[in-house]
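# Observations on the model geometry
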Amino acid sequence: MVENSGMLGLYLTVALAGIGSLYAIMTIFNAIKQVEKKENQTPTFPGIGIMYMGLCATSVMYSFMLLILSSGKELNEDIFYWGVLVGLVLFFSPIVKGKISADGIKNPLEPAKTLIYALFPEFVSILAFVSLMYNLM
């Protein structure tokens, strides 16, 4: 493989997390626009969309923390594979959170239930973050 393939794996983690988070944020933004068009007004809880968008952006924060924690360390090829695996988790997790949040915006009867459902993929992201962080130590 490449001489510093471990860093390449961590860069892929950041890229995949960023792409997944952008897709999720656009899904939430489109849901807000659909509600505004349908009801000719702002959604029932206008600030909740911003909260959902922030929840989807946490995957990027995890990937940047991994990049910062790995600085100055000698990374081997195993970190490349872990980085790709965690990157895929951090790619799909915000997409799922975005779809759950978009459904919650379209049907705003129970925002607490939507937030609880959106936290389940967040726990998967945290577990992936901790597993790669453990391998970096």
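Residues numbered from 1 in each chain as written. Predicted model: local features only at pLDDT ≥ 70, side-chain atom pairs only at ≥ 80, totals over all residues. Heavy atoms only, no water.

The next point concerns the overall build of the protein chain. Looking only at helices and strands, the protein chain has five helices and zero strands in total. Put simply, the protein chain runs from its N terminus to its C terminus through helices and strands in the order α-α-α-α-α. In terms of overall dimensions, the protein chain has a C-alpha envelope of 55 × 20 × 20 Å along the principal axes. Per-residue burial for the protein chain yields a buried fraction of 42% across its 137 residues. The contacts of the protein chain with a sequence gap of at least 6 include a subset with a gap of at least 24, amounting to 89%. Here the protein chain has roughly 7700 Å² of accessible surface; of this, 70% comes from carbon and sulfur atoms. For the protein chain, the distance from the average position of its 8 positive side-chain charges to the average position of its 9 negative side-chain charges is 14 Å. (Helix = DSSP H or I, 4+ residues; strand = E, 2+ residues; numbered from the N terminus. Buried < 20%, exposed > 50% of the residue type's maximum accessible area, 1.4 Å probe, protein only. Contact = heavy atoms within 4.5 Å. Areas by Shrake-Rupley, 256 points an atom, 1.4 Å probe, with all protein chains shown as cover. Lys, Arg positive; Asp, Glu negative; His and termini not counted. Charge placed at Lys NZ, Arg CZ, Asp CG, Glu CD.)

With that settled, consider the side chain of Lys 97. Along the chain, Lys 97 falls in helix 4 (residues 77-106). Lys 97 gets classed as buried once you look at its relative accessible area, which sits at 0%. Other than its neighbours up to four places away in sequence, Lys 97 contacts Leu 55, Cys 56, Thr 58, Ser 59, Ala 118, Pro 121, Glu 122 and Ser 125.

Looking at where Cys 56 falls in the secondary structure, it is placed in helix 2 (residues 46-56). A residue is classified by how much of its surface remains accessible, and Cys 56, at 0% relative accessible area, is buried. In sequence terms Cys 56 and Leu 22 are 34 residues apart; their C-alpha atoms lie 8.4 Å from each other. Residues contacting Cys 56, with those up to four places away along its chain left out, are Ser 21, Ala 24, Ile 25, Ile 28, Pro 94, Lys 97 and Gly 98.

The final tally for this structure, using the stated rule, is one salt bridge. Of the charged contacts, one joins Lys 97 and Glu 122 as a salt bridge, the two residues approaching to 2.4 Å between their closest N and O atoms. Of the two residues, Lys 97 is situated in helix 4 and Glu 122 in helix 5 (residues 111-136); the sequence distance between them amounts to 25 residues. (Salt bridge = Lys/Arg side-chain N within 4 Å of Asp/Glu carboxyl O.)

We now examine the nonpolar core. By size, the foremost hydrophobic cluster in this structure holds 16 residues, and its most contacted members are Leu 10, Leu 66, Leu 75, Val 86 and Leu 136. Every element with two or more residues in this core is listed here: helix 1 (5-39), helix 3 (58-69), helix 4 and helix 5. Those residues in contact with Leu 75 that lie beyond four places of it in its chain are Asn 4, Gly 6, Met 7, Leu 10, Ser 70 and Leu 136. Core analysis: the second largest hydrophobic core is formed by 11 residues, Ala 24, Ile 28, Ile 32 and Ile 48 among them. (Core = buried A, V, L, I, M, F, W, Y, C linked by side-chain atoms within 4.5 Å.)

All right, on to helix 3 then. In this model helix 3 runs 16 Å from its N-terminal to its C-terminal C-alpha over 12 residues, within 8% of the 16 Å that 1.5 Å per residue would give. All of the buried residues along helix 3 are Thr 58, Ser 59, Val 60, Tyr 62, Ser 63, Leu 66 and Leu 67. (Expected span 1.5 Å × (residues − 1).)

The subject of this paragraph is a nonpolar patch on the surface. Taken together, the side chains of Ile 116, Tyr 117, Leu 119, Phe 120 and Phe 123 present a nonpolar region at the surface, about 500 Å² in accessible area. For Phe 123, the position within the fold is in helix 5. By relative accessible area, Phe 123 is classed as partly exposed at 46%. (Patch = residues over 30% accessible without salt bridge, like charges linked within 9 Å, V, L, I, M, F, W, Y side chains within 5 Å.)

On to the packing of helix 4 against helix 5. At a minimum axis distance of 9 Å, the contact between helix 4 and helix 5 shows a crossing angle of 170°. Relative to helix 5, the element helix 4 lies roughly antiparallel. Residues Ile 79, Trp 82, Gly 83, Val 86, Val 89, Leu 90, Ser 93, Val 96, Lys 97, Ile 100, Ser 101 and Gly 104 of helix 4 touch helix 5, and the partners they reach there are Thr 114, Tyr 117, Ala 118, Pro 121, Glu 122, Val 124, Ser 125, Ala 128, Ser 131, Leu 132, Asn 135 and Leu 136. (Axes fitted to C-alpha atoms, helices over the stretch in contact; angles between N-to-C directions. Parallel < 35°, antiparallel > 145°, perpendicular 65-115°, else oblique.)

Shape is all these values report; function is a separate question.
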